[in-house]
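Residues per chain are reported as follows:
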Amino acid sequence: MNRLRVTPGPVLALTAAWLATRALMCWLLTHDTSPRLGGGAVPREVWRLYFHWYGVLSHGAFPAHDSTWQYPPGAGPVLLAPGLLPWLTYFQAFVALTLAADALIAVALVRAGTRPGRSLLGAAVWTGGLPLLLHLPLARYDVEVTALAVLSLLALGRSPRGCGVLGALGALVKVWPALVLLGTPLGTGTRTAWRWAAAAGGACGALLALSFRDPLAFLSQQGGRGVQIESLGGTALSLARHAGWPGRPRYQYGAIEMVGPYVHAVATASLALTAAAFALLVLWRLRARHWTPATPYDAALTGVLLFTVTSRVISPQYMIWLIGLAAVCLTSRHTSQRPVAVLVLAASALSSVVFPVFYRDVVAGTWPGCLLMVARNVLLAAAAVLSLVLLWRSARPPAEGPAPGDEPRPDSDRLPDRVLSIS
C-alpha cells in the first residue's frame, strides 16, 4: 500500500524505446557484413566459438585444451542453454535468450524505479545505453551475467539470501559479480547475504564439478594471458610502437595481444595495480561509517570499474557490465555516481567506434587507432578514479545529524535505519 503511484507514460515510453532499439540492434546483427560493422566478426563468436564449446560441453567436459576457454565453470550451463530451444538454430536461440535477459534487466530496473524515493533514470540508462555498443551485446553472454548482478543488487534490501545466491551464481559464470556484495551494509543482512553466497557458490560449484570433467581448466588458460591491445597497458605499448618499440600485435588466447620486449613487465604492473585496487576497496570497507540506500550499488560500480581499468584485458563487452551497474545506481536518488554514469556512457560510445568500426586501425597501431584508444581509456580511468573518490566521500558520516523526521529513507529497500549511519 506504500507503492508510489506512477503515470504509465514514462513506462510506455521506455517500453517503446526498448523495442525500437533492440529491433535496430537485431537488424545490425543480421546486416554486419560491412567492414565498418566488423565484416561478420561480431556474430562469428557465437556461431563458431560458442557453438564449438556447446559441442564439447554437451559431452560432459569443459574445453580443457582450448586456449580460448578462460571462463569459470558456471559459463557452461549458459552456453548450453540455447539447446533448450531446439526449434531454433544455436545462433538464433542464443540471441533470443540474450534478448530475454536484456528484457529482464529492463523490467527489474523499471520495477525498482517506480518505488517510493526511486527513479526511472536507471531503466532509461540501460534502455538507451546498451545500444551504444551497437549489436555486440546480442552476440556475447555478458548480458546474462549482468542480469545476475543487477538482480542480486536489487534483491539486497528485500532478500539478502536472494542477493547472495544471485551474486554467487554470477561469480560462477564470470567472477566479477562477486563484487556486488562489496558494499552491503554492516549487520545481519550482510552476514546472511555472504553466508548464502558461500553456500550457493560451493553447492553449485560442486555440482558442476561432478557433472563436467576438467572444471578448473580455465585457470591455466587465464594465467597465460598477456596484454590485450585495448587495455591501458596495451594502449601504452601501441603508442610505444611509434617511438620505436619493436613489439607487435598477435592473435592468441582468443584476443589480439601485444608481444615483444617489456610486455611481461606491463602485465605484471597490471596485476599489481589490480591488487592495489583490491586493497583500496578493502580499506574503504573497513573505514566506511555511513551507508545510504545506494551505497551497495555505488560500491559495486566502483569495484568493477577499478578491476576493469587495471586488467590486462579490456574487451568491448566489458562495457555491458558497467552500463548495467550504472543503471542500478541511478535507480536510487541517493547515488553518488551520476557523473560516473555519464563517463561510462561516453566510454561505451567510443568503444563502438573502436570495435568494430575502426578496429583495423587499432590493431595496426595507426595514429587514429591509438588516439581512439587513448580517449576511451582516459574516460574509463577518469570514471574509476572519480567513482572511488565519490564513494569514499559518501561513506563519511554527516557533519551534523539530520533533523527529526529528515532521516534518509531506504528507498523502500527495507534496509534497517540503523545501518544508514554507523558511528
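Everything numeric in this text was worked out from a predicted model, so none of it was measured. (Residues numbered from 1 in each chain as written. Predicted model: local features only at pLDDT ≥ 70, side-chain atom pairs only at ≥ 80, totals over all residues. Heavy atoms only, no water.)

A. Structural context of the overall build of the chain. Scanning the chain from terminus to terminus reveals 16 helices and three strands. Here the C-alpha radius of gyration of the chain, 21 Å, is about what a compact globule of 423 residues would show, namely 22 Å. Counting only residues that meet the buried cut, the chain has 52% of its 423 residues in that class. At a minimum sequence separation of 6, the contacts of the chain that also span at least 24 residues come to 77%. Accessible area of the chain: about 18100 Å², with a carbon and sulfur share of 68%. (Helix = DSSP H or I, 4+ residues; strand = E, 2+ residues; numbered from the N terminus. Rg over C-alpha atoms; globule rule 2.2 N^0.38 Å. Buried < 20%, exposed > 50% of the residue type's maximum accessible area, 1.4 Å probe, protein only. Contact = heavy atoms within 4.5 Å. Areas by Shrake-Rupley, 256 points an atom, 1.4 Å probe, with all protein chains shown as cover.)

B. Spotlight on the pairing of strand β2 (residues 248-252). Bridging between β2 and strand β3 (residues 255-259) involves five bridges; their strand directions are antiparallel. Across the sheet, residue tyrosine 251 finds its bridge partner in β3, namely isoleucine 256. The hairpin formed by β2 and β3 contains two residues between the paired strands, and tyrosine 253 there has a positive phi angle of roughly 55°. (Pairing = 2+ DSSP bridges.)

C. The arrangement of the sheet that holds β2 in detail. Ordered by their spatial adjacency, three strands build an open sheet running β1-β3-β2, and the pairing between neighbours is antiparallel. Among the strands making up the open sheet, the edge pair consists of β1 (227-228) and β2. Where β1 and β3 come together, two bridges link them in antiparallel fashion. Following the sheet pairing, valine 227 is matched in β3 by methionine 258.

D. Local environment of a nonpolar patch on the surface. On the surface, a nonpolar cluster with roughly 300 Å² of combined accessible area is contributed by Leu239, Trp367 and Leu371. One can find tryptophan 367 in helix α16 (residues 367-394). The class for tryptophan 367 is partly exposed, based on a relative accessible area of 48%. (Patch = residues over 30% accessible without salt bridge, like charges linked within 9 Å, V, L, I, M, F, W, Y side chains within 5 Å. Salt bridge = Lys/Arg side-chain N within 4 Å of Asp/Glu carboxyl O.)

E. Looking closely at the pattern of salt bridges. Going through the model one piece at a time under the given rule, you end up with three salt bridges. For the salt bridge of aspartate 142 with lysine 174, the shortest nitrogen-to-oxygen distance reads 2.6 Å. Residue aspartate 142 is located in helix α6 (residues 142-155), and its partner lysine 174 is located in helix α7 (residues 160-174); the two are separated by 32 residues in the primary sequence. Judged by its relative accessible area of 12%, lysine 174 falls in the buried class.

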